[in-house]
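# Structural overview for review
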Amino acid sequence: MFPDWLQSLALFWLFSALISSVIIYLDITFNRPQPMKIMVLAWSINALYFSVIALVAYFWFGRAKPHTMPMMEHHMQGMDMDMPSKPITWKGIFTVSTHCGAGCTLADIIGEVLVFFIPVTLAGSAVFGSWGLDFVLALLLGIFFQYLPGREMGLAPKTALKKAIQADILSLISWQIGMYIWMAIVLFGIFTPTMPRDSAVYWFMMQIAMIFGFMTAYPVNSLLCKKGIKHVM
């Protein structure tokens, strides 16, 4: 069904993504702990689709300094989440985007695996059913991943949840839109809706879809940071 070169490229990108994720996780865990614990998940999960691109980005500007400020001291200096503490740069927006990226990516992986075993349909379509499930899971996990840093910074549960919803709802929606655009091209243009979900090429297409999601969420995150709703890390 798929040409050999595409199969080889898909296997290479999937394997390199897994290796990149493991390298980042081990480096954060044993060498350079991040000031915010959620970032060990954010960087590692985003590497599952960005692959070596995430690895380069992490060691370029995402890796914590050797002597990171203790967590409690960091919190005391940054308790006011309504005041941005750092200038807005593309590197900062990239890092901020890994939050919703982690939630959406994990949601898409869980959703696609679930519908492989338990088919879900929407308007009579298995494709739309899986997309609907992915969307619901992305909202839940994305907001949760934004909620955790707020709790780490000492916010009350209700306040942290409110700020997480305000900060991530638009970026999560824009992420999923980008993913749907690419998968629609793949399933209704390049291949067919019956494309095997257990093939390396399908998951390679999902990785590209997640990159599309990151790109469509990036300008939204940039706007949210400029408005002070999100804050550069």
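A quick note: this is a predicted structure, and the numbers were derived from the prediction, not measured.

## Structural notes on the overall build of the chain
- What the chain contains, in helices and strands, is 8 helices and 0 strands.
- Each helix and strand of the chain, placed in order from N terminus to C terminus, yields the pattern α-α-α-α-α-α-α-α.
- Computed over C-alpha atoms, the radius of gyration of the chain comes to 18 Å, within 12% of the 17 Å expected from 2.2 N^0.38 for 233 residues, which places it in the range of a compact globule.
- In terms of principal-axis extent, the alpha carbons of the chain reach across some 55 × 35 × 30 Å.
- Across the 233 residues of the chain, 48% fall into the buried class.
- Residue pairs in contact within the chain that sit at least 24 positions apart in sequence constitute 79% of those at least 6 positions apart.
- When the accessible area of the chain is evaluated, it comes to approximately 11700 Å², of which 73% is carbon and sulfur surface.

## Focus: the pattern of salt bridges
- Here the structure, examined in full by the defined rule, presents 3 salt bridges.
- A salt bridge links R197 to E112; its shortest N-O distance comes to 2.1 Å. On the criterion of sequence distance, the pair formed by R197 in the loop between α7 (157-190) and α8 (200-226) and E112 in helix α5 (residues 90-117) is long-range, its members being 85 residues apart.

## Things to note about the confidence of the model for the chain
- The predicted model of the chain averages 87 in pLDDT, with 91% of residues at 70 or higher.
- Across the chain, helix α1 (residues 4-30) holds the top mean pLDDT of 96, while helix α4 (residues 71-77) sits lowest at 40.
- This model gives residues 68-84 a pLDDT under 50, and the stretch forms 24 contacts once residues within four places in sequence are excluded.

## As for the packing of aromatic side chains
- Applying the stated rule across the entire model yields 24 aromatic pairs.
- Ring geometry for W175 versus F214: centroids 6.3 Å apart, planes at 75 degrees, classification edge-to-face. Of the two residues, W175 is situated in helix α7 and F214 in helix α8; the sequence distance between them amounts to 39 residues. Each of the two residues, W175 as well as F214, counts as buried.
- Ring pairing ties together the aromatic residues W43, Y49, F50, Y58, F59, W60, F61, W90, F94, W175 and F214, which thus form one cluster.

## Thoughts on the state of the cysteines
- On inspection of all chains with the given rule, the structure shows 0 disulfides.
- Of all cysteine sulfurs in the structure, the one in C100 sits closest to C104, which takes part in no disulfide; the separation is 5.6 Å.
- You can see C225 has no disulfide; the closest cysteine sulfur is in C100, sitting 10 Å from it.

## Observations regarding α8
- Counted at 1.5 Å a residue, the expected span for α8 with its 27 residues is 39 Å, and the 39 Å between its end C-alpha atoms agrees.
- Maximal helix bending in α8 amounts to about 30 degrees, located at Y218; proline P219 follows within four positions.
- Just downstream of α8 lies G228, where phi reads positive at about 85 degrees.

## A short note on a nonpolar patch on the surface
- Together, L18, V22, Y25, L26 and F30 line one region of the surface with nonpolar side chains, adding up to about 500 Å² of accessible area.
- Position of F30 among the secondary structure elements: in helix α1.
- When its relative accessible area of 62% is taken as the criterion, F30 is described as exposed.

## Points about unusual backbone geometry
- Look at S51: it is not a glycine, yet its phi comes out positive at around 60 degrees.
- For S51, the location among the structural elements is in the loop between α2 (38-50) and α3 (52-62).
- Backbone geometry places A123, a non-glycine residue, at a positive phi of 55 degrees.
- Tracing the sequence through the fold places A123 in the loop between α5 and α6 (126-152).

## Digging into the nonpolar core
- One finds W43, M183, M195 and M205 to be the most contacted residues of the largest nonpolar core, which totals 61 residues.
- Mapped by element, the contributors of at least two residues to this core are α1, α2, α3, α5, α6, α7 and α8.
- Among the elements that make up this core, the one with the highest residue count is α8 (12 residues).

Thresholds, definitions, all that
- Residues numbered from 1 in each chain as written.
- Predicted model: local features only at pLDDT ≥ 70, side-chain atom pairs only at ≥ 80, totals over all residues.
- Heavy atoms only, no water.
- Helix = DSSP H or I, 4+ residues; strand = E, 2+ residues; numbered from the N terminus.
- Rg over C-alpha atoms; globule rule 2.2 N^0.38 Å.
- Buried < 20%, exposed > 50% of the residue type's maximum accessible area, 1.4 Å probe, protein only.
- Contact = heavy atoms within 4.5 Å.
- Areas by Shrake-Rupley, 256 points an atom, 1.4 Å probe, with all protein chains shown as cover.
- Salt bridge = Lys/Arg side-chain N within 4 Å of Asp/Glu carboxyl O.
- pLDDT = per-residue confidence, 0-100.
- Phe/Tyr/Trp six-rings, centres within 6.5 Å; stacked < 30°, edge-to-face > 60°.
- Disulfide = S-S within 2.5 Å.
- Expected span 1.5 Å × (residues − 1).
- Bend = angle between axes of the 7 residues up to and from the residue.
- Patch = residues over 30% accessible without salt bridge, like charges linked within 9 Å, V, L, I, M, F, W, Y side chains within 5 Å.
- Core = buried A, V, L, I, M, F, W, Y, C linked by side-chain atoms within 4.5 Å.

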